[in-house]
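Fold and contact review
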Amino acid sequence: MVVCDRCGVESPGTFRFCGGCGAPLEAQAPVRETRKVVTALFCDVVGSTTLGEEIDPEALRAVMQRYFAEMRATIERHGGTVEKFIGDAVVALFGVPQIHEDDALRAVRAAAEIRERLPALAAEVGVVLRFRTGVNTGSVLASEGDTLTVGDAMNVAARLEQTAGEGEIVLGPETYQLVRHAVEAQPLEPLTLKGKSQPVAAFRLISLDAAAPVIARRHDTPFVGRERQLRRLRDGWSRAVEESGCHLFTLLGSAGVGKSRLVRELLGDIGEDATMLSGRCLYYGEGITFWPLIEALTPLGAHGQRVLDLLTAGGAASADELFLEVRLLLESLAAERPLILHIDDLQWAEAMLLDLIDHVADLSRGAPILILCTARPELLEERPAWAGGKLNATTVLLEPLGDEACAALVERLGDGLDEQARARAVAASQGNPLFLEEMIALAREGDSDSVPPTIQALLGARLERLATEDREVLECGAIEGEVFHGLAVRALVGAAASGEVEPRLAGLVRKELIRPHPATIGDDGAFRFRHLLIRDAAYDGLPKAVRADLHERFADWLEEFALDLAELDEIAAWHLEQAVRYRRELGREVEPALARRAAGRLETAGRRAGERSDVVAARSFLERAFALTGEAGEERARIAVELAATLIDAGSFVAVEDLLRIAESRPATAAVAALHRIVLQLHVDPDRALATVEATLPGLLDELAALDDQRALANARLVAFRSHWVRSRAQPAGVEALLAAESARAAGDERLRARALGEYVATLLFGPEPAQSMRAKLDAIAADSPGPLLAAFIGWARGEAARMAGDYDDAVALVEHSVEAMRAMGLDVLAAAAAQQLGSVYVAAGNPGGAVIALEQADAVLTGLGERSYRSTVQAQLARAHEACGERAAARAAVELAEELGSADDAINFAITHPVRARLALAEGNAQAAERWARSGVDYAFKTDFLSFRGQALLTLAQVLAASGRGGDATEAADKALAEFEAKGDQPGAGQANVLLAELGAASA
């Protein structure tokens, strides 16, 4: 509602003009809107049309008025609000205007009471009243001071009511989750409801436990991490007993932090050594002031009947008389045996009950009494001086559990959950045992990401009890995140309220909602939410329109005050992106400048991620940037070509084609897009790509050189590198890679330079560079502070150097580390290609089975990506490994697939597969075919400058010739193989050649 400044008449927040004087309301203070989780109750009289035919309209009116009055009274008694009456239906809300943590339970209790009360009402008015009810919980948008709400939760509640039978109460899924500890309900078949795309789970209420607590509390939770607090609690008990006096012990802590569990541990220790009385403060209801004492004293029977009569008589005795009688009773009980009086949920206590406890604590003497109170920190908001100044009082604040205690708790509770689900539950709970239990329970149901509705209800109710100004400060902090800065909050609340921010923040610290934290921006201090879920609850309460505005303003503040922040682009981009997102979700027009600003920040963040070889992050940033660009323009084309290159690196080829078409449509990006298209083809259609390179690359290089576009030149040189590499020509490929690195350096593109140098390292690994000088060059490159990508290439090459030295253990370790590093960077294609080397190492080490496993894993990755070029070589290496295992059929199948996948110019594939064919033919006794395949393998090997592969092909030929009894020819081939191995510095290969030469020499002697 809006109160008119002119005449004071209230009008609904949706009105533009005052209903009293007609003054415009638009200029007045805007109504505060919030998103909140509420429970809606729809109750409808069944058959009212027939009823109207049966009785007189005036009589019917009287019946319905009585019915509506009864419904309103019941609903309001449980803390609900009647939003409206529609014909013979009642629409009520629980959580409007004020959220309570048990709104769902209140609504179900109200529905159950209506079901019980309606027959009696029908008898009184002399007609048959039959009804049906739907209850549903969910998020709505509500205005402060108004009961008008909008949201799908309302629609579902109405649909549930329409599906209910006569006298039935049907609960929605969220409602049931919140009240299942307190009800017996029958699951229904999922309902197909009008307006819902998916069936909705529903439950028919059978019965309700009227004494059920707001939150179900487990009694088997392990006791961990509270030993120090338990010692203090035991000390308080010992003091009361030893001094034979009264001790007031108050245990403060947020909901779920473990207060009840700690009390249970104490009571379990004491056992029969004390009289234990326990009562719980009720959250709402009539005559609840002394309910905890009534609950505690009732088990005493006749011994406590006089005091019970006074407590329930409602004013029969004065406060002084009542307090005295309660104290005397407790003292008489304690005189027989030490007494513990436990009052739970004291934050909900009425003032008179708090006064009574104060009275007993102050005046009781001569009998051992421990008054043990458990409460949330809100108690101190109502009674700031609680227990203050009392020498016989102790107050302990329970903090969240530490990491070690959380780990111990999840070990006991999380049986059957994988480590990832456990870790998520621990991280989300942040030391709150109840939250941890609820997160684990939700994870068991297959949902590890959502916030349990019980926790949402607790936190939503806690925040709604805050003053509006406190809530606004908290919400502005939530915009920044779990950690936020006072300076930012002052900027977001506006100049008029900025002076109130500091005392508000201090108050929120006292309320245990936030705590001080080191600042990373400015020197005015920062704060951290005591729990991440508190932050989420504060943020979720903001309407999307307000979120959009605050995110944009926070980005403005960042760009003004946080220019030195290393992650400025990433953080500012995210906030600008949220501003765009929420406005689009609301169907509002987004200013092009805002979208461009967000896209620009994301693009910069993507480039920076690429420079540090984090392809996963680069892809995410660039995809988000691309989504923010318009339908056409240079910006869209520029981001498209950058994203296309990133996707190619990631091995995600499917979406690249559309991006390249966009980039090719703009002159500024057409040339680079054409280069990336060739790279794409080299992966998926190598033969076509090589033809394209020969036809277009020379002219393109001349064009780019004339334009002095160093970045494009670097990409062009890398295309030239790849064309040589596909043909297995390491030396010319290395030249192009170094030229690409020089152009990338001139362009200031470190990511591109690292990739070019990495490709150069690969040419050292396989090409004619001798092992010794290769190691020296690797050391020189490594000395220049390589980034993670180049370091992975260097590790890969050092693994090959270790293999050539015969150190297979080091070789495996180095190559595996490089492969994992590439995978971690999101470079799945490159990682699979590097894994080929594992196959070579395992075969050389005499472990062909290990080679098969490593190569099949790499092949599975490349198959899933649709990559052909690297996969063809993986299959060739797999054929060699299968053959070494004696699996001839598998080897032959891998040979055929390798030759089918690869380019006709990819000589290295044939240099591997044809010797395999030769050895298979030899094993089958076909010497002629074996020699033909062996010589073909040598021919292909010498189309490359891969010395070790040339040596291996020659060694296979020598073995075939030796088996045919042609010792002289075999010796000649083995000598040539030895020369190739020695030129490369391949010691195992040279050793194999020498062994064969020795055998041939012995045979000819």
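Residues numbered from 1 in each chain as written. Predicted model: local features only at pLDDT ≥ 70, side-chain atom pairs only at ≥ 80, totals over all residues. Heavy atoms only, no water.

Along its length, the protein chain carries 44 helices and 18 strands. Taken over C-alpha atoms, the radius of gyration comes to 39 Å for the protein chain, far larger than the 30 Å a tight globule of 1005 residues would show. By its C-alpha atoms, the protein chain is 125 × 75 × 65 Å across when sized along the principal axes. Taken over 1005 residues, the protein chain has a buried fraction of 54%. Here the contacts in the protein chain between residues at least 6 apart in sequence split such that 67% fall between residues at least 24 apart. As displayed, the protein chain offers around 42300 Å² of accessible surface, 51% of which is attributable to carbon and sulfur atoms. Of note, the protein chain has its 104 positive side-chain charges centred 1 Å away from the centre of its 149 negative side-chain charges. (Helix = DSSP H or I, 4+ residues; strand = E, 2+ residues; numbered from the N terminus. Rg over C-alpha atoms; globule rule 2.2 N^0.38 Å. Buried < 20%, exposed > 50% of the residue type's maximum accessible area, 1.4 Å probe, protein only. Contact = heavy atoms within 4.5 Å. Areas by Shrake-Rupley, 256 points an atom, 1.4 Å probe, with all protein chains shown as cover. Lys, Arg positive; Asp, Glu negative; His and termini not counted. Charge placed at Lys NZ, Arg CZ, Asp CG, Glu CD.)

Counting across every chain of the model gives 16 aromatic pairs. Seen from their ring centres, Trp725 and Phe766 are 6.0 Å apart, and the 55° between their planes marks the pair as tilted. Of this pair, Trp725 sits in helix H29 (residues 710-726) while Phe766 sits in helix H31 (residues 750-766), and the two are 41 residues apart along the sequence. Accessibility classification places Trp725 together with Phe766 in one group, the buried group. (Phe/Tyr/Trp six-rings, centres within 6.5 Å; stacked < 30°, edge-to-face > 60°.)

Attention now moves to the packing of helix H25 (residues 634-650) against helix H26 (residues 656-664). Describing two packed helices takes the angle between their axes plus the distance from one axis to the other. Running from N to C, H25 and H26 cross one another at 145°; their axes reach a closest spacing of 8 Å. Both H25 and H26 take part in a crossing whose hand is left-handed. In this structure, H25 contributes Arg636, Ala637, Ala640, Val641, Leu643, Ala644, Leu647 and Ile648 to the contact, and H26 contributes Val656, Leu659, Leu660, Ile662 and Ala663. The class makeup of the residues in the contact of H25 with H26 is twelve nonpolar, no polar and one charged. (Axes fitted to C-alpha atoms, helices over the stretch in contact; angles between N-to-C directions. Left-handed = near helix turned anticlockwise from the far one by under 90°. Nonpolar A, V, L, I, M, F, W, Y, C, P; charged D, E, K, R; others polar.)

As summarised here, the arrangement of the three strands in space is S16-S18-S17, forming an open sheet in which the pairing is antiparallel. For this open sheet the edge positions go to strand S16 (483-485) and strand S17 (514-517), each flanked by a neighbour on one side alone. Pairs of neighbouring strands in the sheet enclose a mean axial angle of 35°, with direction left out of account. (Pairing = 2+ DSSP bridges.)

What follows covers the nonpolar core. Judged by nonpolar contacts, the single largest core of 148 residues is most densely connected at Leu697, Leu704, Trp725, Val761, Trp796 and Met822. Residues within four places of Trp725 in sequence aside, it is in contact with Ala730, Ala733, Ala762, Thr763, Phe766 and Phe946. Counting residues in hydrophobic clusters, the runner-up holds 103 residues, among them Val214, Trp386, Leu474 and Val489. (Core = buried A, V, L, I, M, F, W, Y, C linked by side-chain atoms within 4.5 Å.)

Relative to the assigned elements, Leu830 resides in helix H35 (residues 828-834). Each C-alpha atom, one on Leu830 and one on Val819, is 8.1 Å from the other, the two residues being eleven residues apart in sequence. When sequence neighbours within four positions are dropped, the list of residues in contact with Leu830 reads Arg755, Leu789, Phe793 and Met822.

What follows concerns the sheet that holds strand S12 (residues 275-280). Reading across from one edge, S12-S13-S14-S11-S15 is the order of the five strands in this open sheet, with parallel pairing throughout. Two strands lie at the open edges of the sheet, namely S12 and strand S15 (393-397), each paired on one side alone. The average undirected angle you get between the axes of adjacent strands in this sheet is 15°. By the bridge criterion, six bridges tie S12 to strand S13 (residues 339-344) in an arrangement that is parallel. Opposite Thr275, over in S13, you have Leu339 as the bridge partner. Strands strand S11 (246-252), S13, strand S14 (369-375) and S15 of the sheet are contacted by helix H6 (residues 227-243), whose axis makes an angle of about 160° with S11.

Take the pairing of strand S10 (residues 203-208) next. Where strand S8 (residues 169-171) and S10 come together, two bridges link them in antiparallel fashion. Across the sheet, residue Leu171 finds its bridge partner in S10, namely Phe203. Two strands pair when backbone bridges link them, and strand S9 (residues 183-187) and S10 are joined in this way by five bridges, in the antiparallel orientation. Looking across to S10, one finds that Ala185 is bridged to Leu205.

Here H29 crosses H31 at 20°, and the two axes come no closer than 11 Å. Relative to H31, the element H29 lies roughly parallel. Regarding H29 and H31, the two cross each other, and that crossing is left-handed. Taking contact as the criterion, the partners of Arg711, Ala714, Asn715, Leu718, Phe721, Arg722 and Trp725 in H29 are, on H31, Arg751, Leu752, Arg755, Ala756, Glu759, Ala762, Thr763 and Phe766. Residue composition of the contact of H29 with H31, grouped by class: eight nonpolar, two polar and five charged. (Parallel < 35°, antiparallel > 145°, perpendicular 65-115°, else oblique.)

Here H31 is 17 residues long and its end C-alpha atoms lie 25 Å apart, about the 24 Å a rise of 1.5 Å per residue gives. For H31, the tally of buried residues reaches 16 of 17 residues, placing the bulk of the element in the interior. A side-chain oxygen of the first residue of H31 lies 3.3 Å from the backbone nitrogen of Arg751; this N-cap is Asp749. (Expected span 1.5 Å × (residues − 1). Polar contact = N/O pair within 3.5 Å; in protein donor to acceptor, adjacent residues only side chain to side chain.)

Now for the pattern of salt bridges. This structure, assessed with the given rule, holds 74 salt bridges. Arg755 is the salt-bridge partner of Glu759, the closest N and O atoms lying 3.2 Å from each other. A residue pair is termed a helical-turn pair when its members lie 3 or 4 positions apart in one helix, as Glu759 and Arg755 do in helix H31 at four residues. Per residue, the accessibility class of Glu759 equals that of Arg755, and both read buried. With a shortest N-O distance of 2.9 Å, Asp986 and Arg803 are connected by a salt bridge. In this pair, Asp986 is assigned in the loop between helix H43 (967-984) and helix H44 (987-1004) and Arg803 in helix H33 (residues 788-804), connecting sequence segments 183 residues apart. (Salt bridge = Lys/Arg side-chain N within 4 Å of Asp/Glu carboxyl O.)

Looking now at the side chain of Thr394. Inspection of the secondary structure assignment puts Thr394 in strand S15. For Thr394, the side chain forms a polar contact with the side chain of His247, separated by 2.9 Å. Setting aside its immediate chain neighbours within four residues, Thr394 contacts Arg232, His247, Leu248, Phe249 and Thr250.

Bringing the state of the cysteines into the picture now. For the structure on display, the rule yields zero disulfides. No disulfide involves Cys246; its sulfur sits 9.5 Å from the nearest other cysteine sulfur, which is in Cys373. (Disulfide = S-S within 2.5 Å.)

Burial runs high along S14: seven of the seven residues are buried. Burial along S14 is two-sided: Ile369, Ile371, Cys373 and Ala375 and Leu370, Leu372 and Thr374, pointing in opposite directions, are all buried. Note that S11 and S14 share seven bridges and pair parallel. Paired with Leu252 across the bridge in S14 is Ala375. Where S13 meets S14, five bridges bridge the pair, whose relative direction is parallel. In the strand pairing of S14, His342 is matched with Leu372. Between the parallel pair S13 and S14, the chain is carried across by helix H11 (residues 351-363), and the sense of this crossover is right-handed. (Right-handed = clockwise from strand over helix to strand, strands pointing away.)

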